[in-house]
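Chains, contacts and geometry: an overview
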Amino acid sequence: MAKGRPLGKADVLYWECVMTGFLDDLKVTRSMQLERLREPVSRQARIDNMIEHMQAEHDNEFERLAATISPDPCWNLHPIGAWQGWESVLRMYHANFPFAPEGPLEMIKGVHDPRVAMWGEDHVLFHMAIYADEYPLHRNLTILIKFQGNLVQGETVFLTDENLIAFMRNHVKELGTDKFEGFVPFPAA
């Protein structure tokens, strides 16, 4: 939370979750996820769920975002480290709320761009670095999104900028992993 900035809805939600038991109040339940996992799987359903995921990030609606994530997710920031498991991934999202709206909108644009969105059986690969001028917020990233059914099971963000990688490794080292709850750093190569 930035100094001097008034508390926003996301800030209040974050502190309420910290104080009251973050997952206890979350209305997204395993039964809801299992129900969504039984829905017929299709590329269009995955696209719709991904857009819902990105739109929830854009709108800073945490519960709506959580409803798009599979029960056993893993988020990788390669080659820095990963958050694995439901609680860990949701805590990571909470720590990053509120999101700047431009990033999710750029991802939604990429979903519909066959030049950067390469679909596989259970994943989509966004290679936005190829079209960096059209995707300035993701210019140094390649992003792999995996699915469990139609739900987002994981994201692997491949960092391609050596300066950014060095900065992030140093940032994690300086702050310590206890500041990134549930984060497991990868060994440096």
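It should be noted that the structure appears before, not after, this text.
Note that the structure is a prediction, hence the values are computed from the model and not measured.

Tracing the chain through its elements places tryptophan 119 in strand β3 (residues 117-119). Beyond its immediate chain neighbours, meaning those up to four positions away, tryptophan 119 contacts Arg43, Arg46, Ile47, Met50, Val111, Val124 and Phe147.

Next up on the list: the sheet that holds strand β4 (residues 123-127). Read across the sheet, 7 strands follow the order β3-β4-β5-β6-β1-β2-β7 without closing on themselves; strand pairing throughout is mixed. Where the open sheet ends on each side, the last strands, each with one partner, are β3 and β7 (183-185). This sheet shows a mean twist of 15° between the axes of neighbouring strands, independent of strand direction. Inspection of the sheet shows strand β1 (residues 69-78) paired to strand β6 (residues 151-159) by 6 bridges, in the parallel sense. Across the sheet, cysteine 74 pairs through a bridge with glycine 154, a residue of β6. Against the sheet, helix α3 (residues 43-59) contacts β1, β3, β4, β5 (141-148) and β6, and its axis sits at roughly 70° relative to β6.

Okay, the pairing of strand β2 (residues 81-84) next. Alignment of β1 against β2, held across 4 bridges, turns out to be antiparallel. Paired with leucine 77 across the strands is glycine 81, a residue of β2. Between β1 and β2, which pair antiparallel in sequence order, lie 2 residues. In terms of strand pairing, β2 meets β7 through 3 bridges, oriented antiparallel. From the neighbouring strand, glycine 81 faces β7, where its bridge partner is proline 185.

Moving on, we get to the pattern of salt bridges. One pass over the structure, following the stated rule, counts 7 salt bridges. Arginine 64 is the salt-bridge partner of aspartate 59, the closest N and O atoms lying 2.9 Å from each other. By relative accessible area, which is 32% here, aspartate 59 ends up partly exposed. Relative accessible area serves as the criterion here: at 22%, arginine 64 is assigned to the partly exposed category. The partner of arginine 115 in a salt bridge is glutamate 134, and the shortest N-O contact between them spans 2.6 Å. On the criterion of sequence distance, the pair formed by arginine 115 in the loop between α6 (102-111) and β3 and glutamate 134 in the loop between β4 and β5 is long-range, its members being 19 residues apart. Relative accessible area serves as the criterion here: at 34%, arginine 115 is assigned to the partly exposed category. Sharing partners across several salt bridges, the network here consists of Glu52, Asp59, Glu61 and Arg64.

The rules behind these values
- Residues numbered from 1 in each chain as written.
- Predicted model: local features only at pLDDT ≥ 70, side-chain atom pairs only at ≥ 80, totals over all residues.
- Heavy atoms only, no water.
- Helix = DSSP H or I, 4+ residues; strand = E, 2+ residues; numbered from the N terminus.
- Contact = heavy atoms within 4.5 Å.
- Pairing = 2+ DSSP bridges.
- Axes fitted to C-alpha atoms, helices over the stretch in contact; angles between N-to-C directions.
- Salt bridge = Lys/Arg side-chain N within 4 Å of Asp/Glu carboxyl O.
- Buried < 20%, exposed > 50% of the residue type's maximum accessible area, 1.4 Å probe, protein only.

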